[in-house]
Amino acid sequence: MTTTYVFTDFGSAEHEQFFEGPTPEPGPGQLLIDVRAAGVNPYDWKLRSGLFGRKAKLPRAMGVEAAGVVRAVGPDVEGFPVGTEVVGTVAKGFGGYADQTVLRAAATVEKPAALSFTDAAVMPVAGVTAYDGTHQIELERGQTLVILGAGGGVGTIATQIGGVHKFNVIGVAGESKQDYLRGLGATPVVYGPGLADRLRAASSGTIDLVLDLVGGDSLRAALEVVSADRIITTVDSGAVAEHGVLELQHDPEALKKIVDVASYGLIDPQVTVVPLAEAGRAVAEVEGGHSTGNIVLVP
Ligand SMILES: NC(=O)c1ccc[n+]([C@@H]2O[C@H](COP(=O)([O-])OP(=O)(O)OC[C@H]3O[C@@H](n4cnc5c(N)ncnc54)[C@H](OP(=O)(O)O)[C@@H]3O)[C@@H](O)[C@H]2O)c1
C-alpha cells in the first residue's frame, strides 16, 4: 500500500487529506520510487485552489517533484536500474507527497551521492526555475541582477547562482529577510512604496536583468528602472501581455546542470524538512506567501 496526500475537491485547504491506495505499477517511460523527500511549491496549492482550472481528475495527488530510490522500472526505460538514487518530476496522476510515487524517466536524473535527498528534492522546480531564470539572458561577471522575491524557494537558489557567476545580486524581499539575503551574498532591498528609488540607489542606476518571482507592485516598480526586455517573470502573465516583459524559457538540460552545481556544494537551497504526516502545515506555510528558502516533506 502507498500513502499519498491529495486534494479531493478544488478550493481551500480543507479538501486536503491522506489517501491509502495500492502500490502503483510504473507504465512506459516511468519509474516507481521509494520517496525520500518531496518539494513543496506554490504550484501545489495553486492547483488545489483551482487557479489553473478545475479539470484534473479527483482526488488529485499533491506535489510535482521527488527524490528517492528506484524500486521498479517501467517498460522501455533504460539507465535507472532498481536501487538507483534519483530525482525528478512526477508522472501525470501521481504526487510527490507520498511514501512511494511514479516519476517520468525523461524528467529524472541520477542523484549524485554528494547531494542529499532533501536538497535534491527541490531541484526539479525551484532549482530548474532558478537556473533557467539566470541563464536565459547571459550576464557577465560584475553585472547587476535584481531578484524580486529573493528569499523564497526559487530566489534563494537564483541568488546563489548569481554569486557563483560573480554577478552583483540585489535581492528584494520583506523586512524580516534582509539579513537572510545578506547571508546569501546579496544586497538586500525592502519591497513596498519607494522600491523603484531604492533599486536605483542600490544599483547605482544600472540594472542588467530582473528575475521576477512575485509580479504585481514589485514588478511595476522594476519597470520604472529597467526596460521590459530585461525582465523575466515566472508569475505575471499580465505584465508579459501589457508591457512585453519576458516569459521564462525552459532549458531541457537544466535539471542535470543544476543538480551537478548543487552536488559541488556551490548552492545550498536552504531546506526546511517537515514530516510527510504534517503535509498540510507545509502547504499552508508556502501558501502564506512569505516562506523562507525551500520546504520538503520526508516520509
Ligand atoms: N513559471 C514557472 O515555471 C514557475 C516555476 C516555479 C515557480 N513559479 C512561481 O514563481 C513564484 C515564486 O516561487 P517560489 O517557489 O520561490 O515561492 P516562495 O518560496 O513562496 O517565495 C516567494 C517569496 O516572495 C516574497 N515576497 C512576497 N511578496 C513580495 C513582494 N511584493 N516583493 C518581493 N518579494 C515578495 C516572500 O517572502 P517575503 O515577503 O518575506 O520577502 C517569499 O519569500 C511563485 O508564484 C511560483 O508559483 C513559476
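This structure is a prediction, so every number in the text was calculated from the model and none was measured.

A. Quick look at the sheet that holds strand β12 (residues 231–233). Taken in spatial order, the six strands line up as β10-β9-β8-β11-β12-β13 in an open sheet, and their pairing is parallel. At either end of the open sheet lies a strand with only one pairing partner, and these are β10 (187–190) and β13 (246–247). Most of the contacts of helix α7 (residues 216–223) go to β12, to which it runs at about 165 degrees, and overall it touches β8 (144–148), β11 (209–212) and β12.

B. Fine view of the sheet that holds strand β2 (residues 16–21). Here three strands make up an open sheet; going across it, the order is β2-β1-β4 and the pairing antiparallel. With partners counted over all chains shown, the strands left at the sheet margins are β2 and β4 (60–61), one partner each. Summarising the sheet, strand β1 (residues 2–7) and β2 pair through six bridges and their orientation is antiparallel. Its bridge partner being in β2, Tyr5 is matched across the sheet by Phe18.

C. Inspection of unusual backbone geometry at higher detail. Cis geometry is adopted by the peptide bond preceding Pro59, which originates at Leu58 and carries an omega value of -5 degrees. Counting through the fold element by element, Pro59 comes out in the loop between α1 (42–49) and β4. Residue Lys166 is not a glycine yet carries a positive backbone phi of 60 degrees. Following the sequence through the fold, Lys166 ends up in the loop between α4 (153–164) and β9 (168–173).

D. Main features of the domain arrangement of the protein. Here the protein is partitioned into domain 1 (2–122 + 269–298) and domain 2 (127–247). For domain 1 versus domain 2, the distance between C-alpha centres works out to 28 Å. Counting residues at the interface gives nine residues for domain 1, matched by 12 residues for domain 2. Of the roughly 680 Å² buried at the junction of domain 1 and domain 2 (both faces included), carbon and sulfur atoms supply 49%.

E. Representation of the site of the ligand within the structure. What surrounds the ligand is a group of 22 residues, the closest being Lys46, Gly174, Lys177, Tyr191 and His290. The backbone of Gly149 places a nitrogen or oxygen atom 3.5 Å from a nitrogen atom of the ligand. The contact in question runs from a nitrogen atom of the ligand to an N or O atom on the side chain of Ser218, over 2.8 Å. Against a free-state accessible area of 920 Å², the protein chains account for coverage of 80% of the ligand.

F. Inspection of α1 at higher detail. Inspection of α1 places Asp44, Trp45, Leu47 and Arg48 among the buried residues, and these make up the whole buried set. Down the axis, α1 shows its buried residues gathered within 155 degrees of arc, on one side only. Looking at the buried positions of α1, the neighbouring elements they touch are β1, β2, β3 (30–40), β4 and α10 (279–287). Phi for Gly50, located one or two positions after α1, is positive at around 95 degrees.

G. Fine view of the packing of aromatic side chains. Using the criterion set out here, one finds four aromatic pairs in the structure. Relative to Phe52, the ring of Tyr43 lies with its centre 5.0 Å away and its plane at 25 degrees, an arrangement referred to as stacked. Residue class for Tyr43 comes out partly exposed when judged on its relative accessible area of 35%. Ring pairing ties together the aromatic residues Tyr5, Phe18 and Tyr97, which thus form one cluster. Sitting over the face of the ring of Phe117, Lys111 holds its NZ or CZ atom 4.6 Å from the ring centroid.

H. Geometry of the side chain of Gln178. Inspection of the secondary structure assignment puts Gln178 in helix α5 (residues 178–184). For Gln178, a relative accessible area of 8% translates into the label buried. From its side chain, Gln178 meets the backbone oxygen of Gly174 in a polar contact 3.0 Å long. Those residues in contact with Gln178 that lie beyond four places of it in its chain are Ala173, Pro188, Val189 and Val190.

I. Representation of α4 in the model. For α4, with 12 residues, the first-to-last C-alpha span of 17 Å sits near the 16 Å given by 1.5 Å per residue. Most of α4 is tucked away, with 10 of its 12 residues classed as buried. For α4, the full list of buried residues reads Gly153, Val154, Gly155, Thr156, Ile157, Ala158, Thr159, Gln160, Ile161 and Gly162. One or two positions beyond α4, positive phi appears at Lys166, with a value near 60 degrees.

J. Representation of the packing of helix α3 (residues 123–135) against helix α9 (residues 254–263) in the model. In the contact formed by α3 and α9, the axes pass within 9 Å of each other and the chain directions differ by 95 degrees. When the axes of α3 and α9 are compared, the pair comes out roughly perpendicular. Residue-level inspection shows Met123, Pro124, Gly127, Val128, Tyr131 and Asp132 of α3 in contact with α9, the latter providing Ala254, Leu255, Lys257, Ile258, Val259 and Ala262. For the contact of α3 with α9, the per-class residue count stands at nine nonpolar, one polar and two charged.

Scoring rules and cut-offs
Residues numbered from 1 in each chain as written. Predicted model: local features only at pLDDT ≥ 70, side-chain atom pairs only at ≥ 80, totals over all residues. Heavy atoms only, no water. Pairing = 2+ DSSP bridges. Helix = DSSP H or I, 4+ residues; strand = E, 2+ residues; numbered from the N terminus. Contact = heavy atoms within 4.5 Å. Axes fitted to C-alpha atoms, helices over the stretch in contact; angles between N-to-C directions. Domains from an automatic or database assignment. Buried area = accessible area lost by both parts, 1.4 Å probe. Near = heavy atom within 4 Å. Polar contact = N/O pair within 3.5 Å; in protein donor to acceptor, adjacent residues only side chain to side chain. Areas by Shrake-Rupley, 256 points an atom, 1.4 Å probe, with all protein chains shown as cover. Buried < 20%, exposed > 50% of the residue type's maximum accessible area, 1.4 Å probe, protein only. Arc of directions from axis to C-beta. Phe/Tyr/Trp six-rings, centres within 6.5 Å; stacked < 30°, edge-to-face > 60°. Lys NZ or Arg CZ within 6 Å of the ring centre and 35° of its normal. Expected span 1.5 Å × (residues − 1). Parallel < 35°, antiparallel > 145°, perpendicular 65-115°, else oblique. Nonpolar A, V, L, I, M, F, W, Y, C, P; charged D, E, K, R; others polar.

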